[in-house]
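# A look at the structure
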Amino acid sequence: VQGDYTSFRIWKYNENFEVVATYDGSATVDCSGRGIMINPSDNELYSKGLSDFCHIDKSLNGDYTYMYTLDEPNAKAVVSADGSTLMLHRDGLLKKYDFYAGELITSFAIDLQHDISEWPQQNLIAFNGTYLLSINDMIVYAYDVNTGDYTGQSSTLPPSNRQIDEWTMAYSNNMFFL
């Protein structure tokens, strides 16, 4: 996935890591790839743009459906384990929305264990099905998904010469991605 203010592209690979389909959504920048996910309840592909939320046809034929606008531009998005809730994180505040209707359910502060004035750490969030995850100084922190309470941290991850980008952190298939 590649996305920014002017473009949005997806490459689909098979199990041999060969490109089998591509999607050029440059005309659909409202649904840019700032946050892309497969909802576990319906196995469909969704994208959070700067503020808009869309359903992307998995055939990657260019079809998409605008669903709703969110009030949190630049917030990092993750989906709940049951697929019913879209969670947005920005500046230490987590907002939970009904995934399909876009209606706010609840919001609460996350007890972040690092300085949220640093970009992009104030927005980084992932979800492993049990805990919300954030990262700073190559340490992964875990938080309760229902309260935002701090629950623990990892040991320091190996050093990296790559800059951590607020749109690259994810958790999928029991693996943590940076």
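## Re the packing of aromatic side chains
A full pass over the atoms with the stated rule returns eight aromatic pairs. Seen from their ring centres, Y46 and F53 are 5.9 Å apart, and the 0° between their planes marks the pair as stacked. Of the two residues, Y46 and F53, neither departs from the other in class, the shared state being buried. With 5.2 Å between their ring centres and 90° between their planes, F53 and F99 make a pair best called edge-to-face. One end of the pair, F53, is in strand 6 (residues 52-56); the other, F99, is in the loop between strand 10 (93-98) and strand 11 (104-109), with 46 residues separating them in the sequence. Note on F53: relative accessible area 0%, which makes it buried. Residue classification places F99 among the buried positions, given a relative accessible area of 0%.

## As for the sheet that holds strand 7 (residues 64-69)
Paired through backbone hydrogen bonds, the strands of a sheet run either parallel or antiparallel to each other. Read across the sheet, four strands follow the order 4-5-6-7 without closing on themselves; strand pairing throughout is antiparallel. Strand pairing shows two members of the sheet lacking a second neighbour, strand 4 (35-39) and strand 7, which therefore form its edges. Along the sheet, successive strands turn relative to each other by an average axial angle of 25°, direction set aside. Relative to strand 5 (residues 44-48), strand 4 is paired through five bridges, and the arrangement is antiparallel. Residue N39 lies in a different strand from strand 5, and its bridge partner there is E44.

Conventions used here
Residues numbered from 1 in each chain as written. Predicted model: local features only at pLDDT ≥ 70, side-chain atom pairs only at ≥ 80, totals over all residues. Heavy atoms only, no water. Phe/Tyr/Trp six-rings, centres within 6.5 Å; stacked < 30°, edge-to-face > 60°. Buried < 20%, exposed > 50% of the residue type's maximum accessible area, 1.4 Å probe, protein only. Helix = DSSP H or I, 4+ residues; strand = E, 2+ residues; numbered from the N terminus. Pairing = 2+ DSSP bridges. Axes fitted to C-alpha atoms, helices over the stretch in contact; angles between N-to-C directions.

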